[in-house]
Protein chains: 2
Amino acid sequence: MTDNPSGPPAVTIAFIAESAGVSIPTVSKVLNGRSGVSVETRARVEGLINKYGYRRPSGSRGSTVEIVFREMEGTWAVDIIRGVERVARQNRIGVLVSQLGPDSSPATSIDETIGRRPGFVLFVSEISAPEQAKLKAKDIPFVVINPAGELPDDVPFVGTTNWRGGHSATRHLLDLGHRRIAMINGPDYPFCQARMAGYFSAMAEADVAADSSLVVRTFLTREHGYAAALELLSRPDRPTAIFASNDMQAFGVYRAARELGLSIPGELSVVGFDDIVVSDWADPPLTTVHQPLFEMASAATDLAFTLGRGEPVRQVGLEIATVLTIRKSTAPPRS
Amino acid sequence: MTDNPSGPPAVTIAFIAESAGVSIPTVSKVLNGRSGVSVETRARVEGLINKYGYRRPSGSRGSTVEIVFREMEGTWAVDIIRGVERVARQNRIGVLVSQLGPDSSPATSIDETIGRRPGFVLFVSEISAPEQAKLKAKDIPFVVINPAGELPDDVPFVGTTNWRGGHSATRHLLDLGHRRIAMINGPDYPFCQARMAGYFSAMAEADVAADSSLVVRTFLTREHGYAAALELLSRPDRPTAIFASNDMQAFGVYRAARELGLSIPGELSVVGFDDIVVSDWADPPLTTVHQPLFEMASAATDLAFTLGRGEPVRQVGLEIATVLTIRKSTAPPRS
DNA sequence: CTGAAAGCGCTTACAG
DNA sequence: CTGAAAGCGCTTACAG
């Protein structure tokens, strides 16, 4: 196992202990964040651990971070994995991926994850109360990436600025001269409500009277976006622009516009939200609010590592800024 | 660690050893595939290991499978991860993901992977000779998923029936009545050559004289597909159908057709290869050769596990069948 | 082919 | 707060 017949000494906790002039159990306590070590001793040991780049024997707790997906979806899961992988690699931590979603066998649960003894766990979108409790009991730091639901105040998360995104999308359409701007809202998740609130705020700021019949609520799929747009665009006083809650809905709008013979952006401007890989390949390329999944995932990983080190953290939750990506699906309305 | 104050005994190698009436070192040898154990003893110990569901302490060699990507791409990486995850979960094996590609730091190499002590390694598309050598030296079973290059005869792989796919795509166009069928070929990889050979075979079988000016070779991107299609479609004797080497190229063909005012499938039929997530959302939905990445990944994982158990394996390489997915981008040619 | 013995790195009570 | 001691599960020579 120790592959040095006489080369540099293997960096074991025994080696660190000797370097620091302390006993092996003391180093063990520091590594596991246990109490019963003076601040000075702890600091000295941590210094040596960093200096010699101590790594736990792979697989023991602390050497991996596990990403728990509810559902792994092609259009965005990879950005998250890549963001985590980037930061994990720098810290010489392995990245585990698991799926604890609808199509997992009933036997599968967070216990499997805990059994793998990851140093950190990252949840994508959802985390249940029992999961939070179990991870806390085992003292495994966890962070929620892009939370879909409400979270207790002490659960660390990394989200995105949904309100701001909805606001800037709407603002962009207003600046272009649009007044009849429809919004296709999503289900009752906080992130959908925030996007919609951004829309309403921008409309109010521009003194455009809100027309609630222009806001429809539906699911976040292409089919539902299509149905909603069909209805919206069949009205005599149809909107000149539609802001969709996500890109999939926006592609549904594309399809409805095409069927109705409405050109984009000539007769209808469309803005999406997410900026999934394919948004740039659409015809015309979709103007959308970029959700920085890669950066969110990197930040969440960093946060988990910081938490794991027991370092104080400025805030337990943070939101990474969206950025409006203007492409070809928006233009001034025909007057 | 052993969480049974008096419950069922923890399934350790000591427990297995006692059940089997052998010593601990013997069980250790069986687990690690070492020699020096009689066939009968080995069989008995393996039986008990399965019966009691022995799991190595997580993280020690054997409890994880690592997927090594050269480049993690949104349109297909997730299918591979999901395929591996499915099989791994059934075997209570963790899934590690890493990227050893162009944007990895120079320090990163297969040594990092080996340091994690995975039980198995799955390479996506590419594997280098040093990687093969190092893994062999460490006795870690590995399989290449969807190999892009040539592989030594003894390297296990799971690919797809590229020749067959190219053949069925072309055959479909011929059956529809097309005769001037162009092919946009890819770089000099075996899988591209196989797709093209399938095209030529189908053409020859149908007694259609090959027109080599109808075959252009370029890269596998949307932009290159666009450029190739533009050239092909600007000719006076333009083809009535185009078979592209992958879906990205096919989307480039869509764009070129749109610019040239050619309707699909009315004036031009298009067939792609891969069946990436978005092919079904295109306008019109793309007829393409489905590459069963999920199944390929599952099969590769199974193969790696079988190899790890030291069980004889029918063949060291296999190809999972493609299936032609007919959607809306193909129709009989206008006569 | 087999296993007693020594040893690995690490963790856990627990005595000071 | 600290560490000697016992112990964990596992592996590695090596003697029979």
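Residues numbered from 1 in each chain as written. Chains lettered and ligands numbered in written order. Predicted model: local features only at pLDDT ≥ 70, side-chain atom pairs only at ≥ 80, totals over all residues. Heavy atoms only, no water.

Named according to an unreviewed UniProt entry, chain A is LacI family DNA-binding transcriptional regulator originating from Nonomuraea helvata.

> So what exactly am I meant to see when it comes to the nonpolar core here?
Nonpolar side chains in soluble globular proteins tend to end up buried together. Counting residues in hydrophobic clusters, the biggest one holds 68 residues, and the most contacted among them are Ile242(A) and Ile242(B). In this structure, Ile242(A) is in contact with Ala182(A), Ile184(A), Ala229(A), Leu232(A), Leu233(A), Val253(A), Leu268(A), Ser269(A), Val270(A) and Val271(A), ignoring residues within four places of it in sequence. By size, the runner-up hydrophobic cluster in this structure holds 57 residues, among which are Val87(A), Val97(A), Val95(B) and Phe305(B). (Core = buried A, V, L, I, M, F, W, Y, C linked by side-chain atoms within 4.5 Å. Buried < 20%, exposed > 50% of the residue type's maximum accessible area, 1.4 Å probe, protein only. Contact = heavy atoms within 4.5 Å.)

> I would appreciate a short explanation of helix α4 (residues 77-90) of chain B in the present structure.
The α-helix advances 3.6 residues per turn, and as a result positions three or four apart in sequence lie on the same side. All names here are of chain B. In this model α4 runs 21 Å from its N-terminal to its C-terminal C-alpha over 14 residues, within 8% of the 20 Å that 1.5 Å per residue would give. Extensive coverage of α4 is indicated by the burial of 10 of its 14 residues. Within two residues after α4, arginine 92 carries a phi angle of roughly 55 degrees, on the positive side. (Helix = DSSP H or I, 4+ residues; strand = E, 2+ residues; numbered from the N terminus. Expected span 1.5 Å × (residues − 1).)

> Would you explain the sheet that holds strand β10 (residues 287-290) of chain A in this entry?
Strands pair in a sheet through their backbones, by hydrogen bonds, and they do so in one of two ways: parallel or antiparallel. Residues and elements named next belong to chain A. Reading across the sheet, the six strands line up as β7-β6-β8-β9-β10-β12 and stay open at both edges, with mixed pairing between neighbours. Looking at which strands have only one partner, the edges of the open sheet turn out to be β7 (215-217) and β12 (323-325). For this sheet, the mean inter-axis angle between neighbouring strands, taken without regard to orientation, is 20 degrees. One ladder, built from three bridges, connects strand β6 (residues 181-185) with β7; its direction is parallel. When the bridges of β7 are listed, asparagine 185 appears paired with arginine 217. (Pairing = 2+ DSSP bridges. Axes fitted to C-alpha atoms, helices over the stretch in contact; angles between N-to-C directions.)

> Got a minute to help me understand the protein's contact with DNA strand C in this structure?
The immediate surroundings of DNA strand C are formed by 20 residues, with Ile13(A), Ser28(A), Tyr54(A), Gly36(B) and Thr41(B) found nearest. Sugar plus phosphate: this is where 71% of the atoms of DNA strand C within 4 Å of the protein reside. Backbone polar atom of Ser23(B) to a phosphate oxygen of DNA strand C: 3.2 Å apart, as the coordinates give it. For DNA strand C, a phosphate oxygen lies 3.1 Å from a polar atom in the side chain of Thr26(B). When residues of the surface near DNA strand C are traced back to their parent elements, those giving at least two are α2 (24-31) of chain A together with α2 (24-31) of chain B. Taken together, the residues that form the surface near DNA strand C break down as nine nonpolar, nine polar and two charged. (Near = heavy atom within 4 Å. Polar contact = N/O pair within 3.5 Å; in protein donor to acceptor, adjacent residues only side chain to side chain. Nonpolar A, V, L, I, M, F, W, Y, C, P; charged D, E, K, R; others polar.)

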